[in-house]
Amino acid sequence: MKKEQKNNTILLIVLILIAAVFIFPILLVLMNSFKGQFYISDQPFALPNRETFAGFSNYVRGIEKTSFFSAAFYSFFITVFSVGLIVLCTSWYIMRVQNWFTRGLYYFFVSAMIVPFQMVMFTMTKVANALRLDNPVGIILIYLGFGAGLSVFLFCGFVKAVPKDLEEAAMIDGCTPPVTFFQIIFPILKPTAITVAILNTMWIWNDYLLPYLVIGSDYKTIPIAIQYLRGGYGSIDMGAMMAALVLAIIPII
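Let us look at the structure shown here. (Residues numbered from 1 in each chain as written. Predicted model: local features only at pLDDT ≥ 70, side-chain atom pairs only at ≥ 80, totals over all residues. Heavy atoms only, no water.)

### A short note on the overall build of the protein chain
In terms of regular secondary structure, the protein chain is built from 14 helices and 0 strands. Projected onto its principal axes, the C-alpha coordinates of the protein chain cover approximately 75 × 65 × 35 Å. Within the protein chain, buried positions represent 36% of all 253 residues. Sequence separation of 24 or more characterises 70% of the internal contacts of the protein chain that already satisfy a separation of 6 or more. Carbon and sulfur atoms make up 71% of the accessible area of the protein chain, which totals about 15,600 Å². Here the protein chain holds 16 positive side-chain charges and 12 negative ones, and the gap between their average locations is 7 Å. (Helix = DSSP H or I, 4+ residues; strand = E, 2+ residues; numbered from the N terminus. Buried < 20%, exposed > 50% of the residue type's maximum accessible area, 1.4 Å probe, protein only. Contact = heavy atoms within 4.5 Å. Areas by Shrake-Rupley, 256 points an atom, 1.4 Å probe, with all protein chains shown as cover. Lys, Arg positive; Asp, Glu negative; His and termini not counted. Charge placed at Lys NZ, Arg CZ, Asp CG, Glu CD.)

Have a look at this one:
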């Protein structure tokens, strides 16, 4: 018993240290978002004091320079609808309907996970432009394509454990397929649906490359807007950038 407690204590200490490694950069950004421009570079690891504290001026400047609320709207719109579409389209049909078409789709989506994005990004951009998908609505379909692989893989592993008797009983009781799915099956899939939603939300919200390639500066999402804080000759408004990063982190947390 004592040995088990000792092992648990060691494990707890290790996990605390790992958590500190991940949390420290976030605290560093938060801390520096309240400092003056000069002190961020001169004293990056020091806590704000009476001399270095800049109040909320960095936040005001960051919001103004990045058009933050407009960028946040596009990020929210793209993230919410992309994640909703991914969860809805990958959660049931491919695994439950057994035929050559669905089996082919399953292997197609799973094999797509091994293809690096950099390998297809230029051709994808050309196709998106040709199909008029270079807008906030069109990019949702592109995210569905890129997010479907992992989502299908996760859902299919869980759906196998859901008995088909539930669907048959619902059909006998007069339920239509949509009612059966949303009121009986989907609640059972909730743990996997939450996992898929969290993974895709973190990816889409923080994604810089795909929105930059597809919709560019016409519809700036938060990562693109923050990037535009870089000035000429490598100059960066560090105060505004730190403040904008904090505002970008808060919703995803």
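Still more ground to cover, so stick around.
### Structural notes on the pattern of salt bridges
Applying the stated criterion to the full structure yields 2 salt bridges. Residues Asp237 and Arg61 are paired through a salt bridge, measuring 2.8 Å at the closest nitrogen-oxygen approach. Here Arg61 lies in helix 3 (residues 57-66) and Asp237 lies in the loop between helix 13 (222-227) and helix 14 (238-252), a separation of 176 residues in the sequence. We classify Asp237 as buried; its relative accessible area is 11%. In this structure, Asp237 engages Lys65 in a salt bridge whose closest nitrogen and oxygen atoms are separated by 2.7 Å. Placement of the pair is Asp237 in the loop between helix 13 and helix 14 and Lys65 in helix 3, with a sequence separation of 172 residues. (Salt bridge = Lys/Arg side-chain N within 4 Å of Asp/Glu carboxyl O.)

### A closer look at the side chain of Ser75
Here Ser75 lies in helix 4 (residues 68-90). Take Ser75: its relative accessible area is 3%, and that puts it in the buried class. For Ser75, the side chain forms a polar contact with the main-chain nitrogen of Ile222, separated by 3.0 Å. Discounting residues that sit within four places of it in the chain, Ser75 has contacts with Trp205, Thr221, Ile222 and Pro223. (Polar contact = N/O pair within 3.5 Å; in protein donor to acceptor, adjacent residues only side chain to side chain.)

### Observations regarding the packing of helix 4 against helix 8 (residues 138-159)
Viewed as axis vectors pointing N to C, helix 4 and helix 8 meet at an angle of 45 degrees, and their least axial separation amounts to 8 Å. Overall, the two elements helix 4 and helix 8 adopt an arrangement that is oblique. Considering the relative orientation of helix 4 and helix 8, their crossing is right-handed. From helix 4, Phe77, Ile78, Phe81, Ser82, Leu85, Ile86, Val87, Cys89 and Thr90 reach across to helix 8, where they touch Ile139, Ile140, Leu141, Tyr143, Leu144, Gly147, Ala148, Ser151, Val152 and Phe155. Grouping the constituent residues of the contact of helix 4 with helix 8 by class yields 15 nonpolar, 4 polar and no charged. (Axes fitted to C-alpha atoms, helices over the stretch in contact; angles between N-to-C directions. Parallel < 35°, antiparallel > 145°, perpendicular 65-115°, else oblique. Left-handed = near helix turned anticlockwise from the far one by under 90°. Nonpolar A, V, L, I, M, F, W, Y, C, P; charged D, E, K, R; others polar.)

### Here we look at the nonpolar core
In terms of nonpolar packing, the biggest core is built from 32 residues, with Trp92, Ile139, Ile142, Leu189, Leu210 and Val214 touching the most fellow members. Looking at this core, the elements with two or more residues in it are helix 4, helix 5 (93-96), helix 7 (117-130), helix 8, helix 10 (177-188), helix 11 (190-206) and helix 12 (209-214). Looking at this core, the element that brings in the most residues is helix 8, giving 9 residues. Formed by 20 residues, the second largest nonpolar core is a distinct cluster that contains Val29, Phe68, Ala225 and Leu229. (Core = buried A, V, L, I, M, F, W, Y, C linked by side-chain atoms within 4.5 Å.)

### Some words on helix 14
The end-to-end C-alpha separation of helix 14 is 22 Å, in line with the 21 Å expected for 15 residues at 1.5 Å each. Buried positions along helix 14 lie against helix 1 (2-32), helix 2 (37-42), helix 3, helix 4, helix 11 and helix 13. (Expected span 1.5 Å × (residues − 1).)

### Considerations on the packing of aromatic side chains
Tallied over the full model, the rule gives 21 aromatic pairs. Arranged with centres 6.3 Å apart and planes meeting at 25 degrees, the rings of Phe73 and Phe77 form a pair that is stacked. With Phe73 and Phe77 both in helix 4 and 4 residues apart, this pair spans about one turn of that helix. Judged by its relative accessible area of 52%, Phe73 falls in the exposed class. Ring geometry for Phe181 and Phe182: centres 5.0 Å apart, planes at 80 degrees, overall edge-to-face. Take Phe181: its relative accessible area is 11%, and that puts it in the buried class. In this structure an aromatic cluster arises from ring pairing among Phe73, Tyr74, Phe77, Phe81 and Tyr219. One cation-aromatic arrangement involves Lys220 over Tyr228; the distance from NZ or CZ to the ring centre is 4.1 Å. (Phe/Tyr/Trp six-rings, centres within 6.5 Å; stacked < 30°, edge-to-face > 60°. Lys NZ or Arg CZ within 6 Å of the ring centre and 35° of its normal.)

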